Amino acid sequence: MAEPATPPVVSPAVSTAAEPSVGALGRALSAEYAAVYAYGVVGGRTKGGLRARATAAFDAHRARRDQLRTLITQRGGTPTEPGPSYGLPFEVRTPSDAVRLAVLVEQRVVTAYLELAADRDPALRRLAALAAQESATRAYGWQPEIGAFPGMPGRDAGPTQSGPPGGEPTGATQSGAAETDAELPDATPSGS
């Protein structure tokens, strides 16, 4: 099932004292590597409209990955390479599992861009804000629910009545997403 999460390894070439943003770019790149891998799994467990959405997300994360690699190189860093495989937080057997994985991946990608959103460089802040917005939009598209904010009354935690646009049910629940969120590993390749 799920492999234990370990912190991502950032090579010294990525974390340089001369350019602190390179480290944040490297951590965002690690998240994009994990997203590309996960969407390969999502695409393999879906068909029709869900597979088309998974393919579009896969392509979007590949484009961000390539953009981050270029930015790291331009700032004098050396981008890390992706791992051969990544541990998943749960076994993905059904389209419903694939949708749940897609939601978790997008939520984690949003989190990965938060550090970059605090960078001094306005161009990097803009990149991080756009990337986080795109991932949040994709997560909502997979599971169109917003959880209650801390301290606010929660919504009914029953099964989702409506699926993503296109009418294909997800089978995911609001409480299920919150429970498995903690299981999602960081963007760490397995076998590294």
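As the structure is a computational prediction, the values presented were derived from the model and not from experiment.

Let us look at the overall build of the protein. Within the protein, the secondary structure is distributed over 5 helices and 2 strands. Starting at the N terminus and walking to the C terminus, you meet the elements of the protein as α-α-β-α-α-α-β. Here the protein, with 192 residues, has 42% of them falling under the buried criterion. In the protein, the proportion of contacts linking residues at least 24 apart, taken out of those at least 6 apart, comes to 73%. Accessible surface computed for the protein: about 9,900 Å², of which carbon and sulfur atoms make up 58%.

Okay, the packing of helix α2 (residues 48-74) against helix α3 (residues 95-117) next. Where α2 meets α3, the closest approach of the two axes is 12 Å, and the angle between their N-to-C directions is 25 degrees. With respect to α3, the axis of α2 lies roughly parallel. With respect to the hand of their crossing, α2 and α3 are arranged in left-handed fashion. Facing α2, whose interface residues are Leu50, Ala57, His61, Arg64 and Leu68, α3 presents Pro95, Val99, Glu106, Val109 and Tyr113. A per-class count over the contact of α2 with α3 returns 7 nonpolar, 1 polar and 2 charged.

On to the nonpolar core. The biggest cluster of nonpolar side chains holds 40 residues, and the ones touching the most others in it are Tyr39, Val42, Leu101, Tyr113, Leu116 and Trp142. Counting residues per element, the ones that place at least two in this core are α1 (21-44), α2, α3 and α4 (122-142). Tallying contributions element by element places α1 first for this core, with 13 residues.

Tracing the backbone shows Lys47 in the loop between α1 and α2. Considering only alpha carbons, one finds Lys47 and Pro95, 48 residues apart in sequence, at a separation of 8.2 Å.

Packing of α2 against α4 leaves a shortest axis separation of 12 Å and a crossing angle of 165 degrees. The angle between the axes of α2 and α4 places the two elements in the roughly antiparallel class. Once α2 is placed against α4, the crossing between them reads as left-handed. Side by side, α2 and α4 meet where Leu50, Arg53, Ala54, Ala57, Ala60, His61, Arg64, Gln67, Leu68 and Leu71 of the first sit next to Leu124, Leu127, Leu130, Ala131, Glu134, Ser135, Arg138, Gly141 and Trp142 of the second. Among the residues forming the contact of α2 with α4, the class breakdown is 11 nonpolar, 4 polar and 4 charged.

Criteria and thresholds
Residues numbered from 1 in each chain as written. Predicted model: local features only at pLDDT ≥ 70, side-chain atom pairs only at ≥ 80, totals over all residues. Heavy atoms only, no water. Helix = DSSP H or I, 4+ residues; strand = E, 2+ residues; numbered from the N terminus. Buried < 20%, exposed > 50% of the residue type's maximum accessible area, 1.4 Å probe, protein only. Contact = heavy atoms within 4.5 Å. Areas by Shrake-Rupley, 256 points an atom, 1.4 Å probe, with all protein chains shown as cover. Axes fitted to C-alpha atoms, helices over the stretch in contact; angles between N-to-C directions. Parallel < 35°, antiparallel > 145°, perpendicular 65-115°, else oblique. Left-handed = near helix turned anticlockwise from the far one by under 90°. Nonpolar A, V, L, I, M, F, W, Y, C, P; charged D, E, K, R; others polar. Core = buried A, V, L, I, M, F, W, Y, C linked by side-chain atoms within 4.5 Å.

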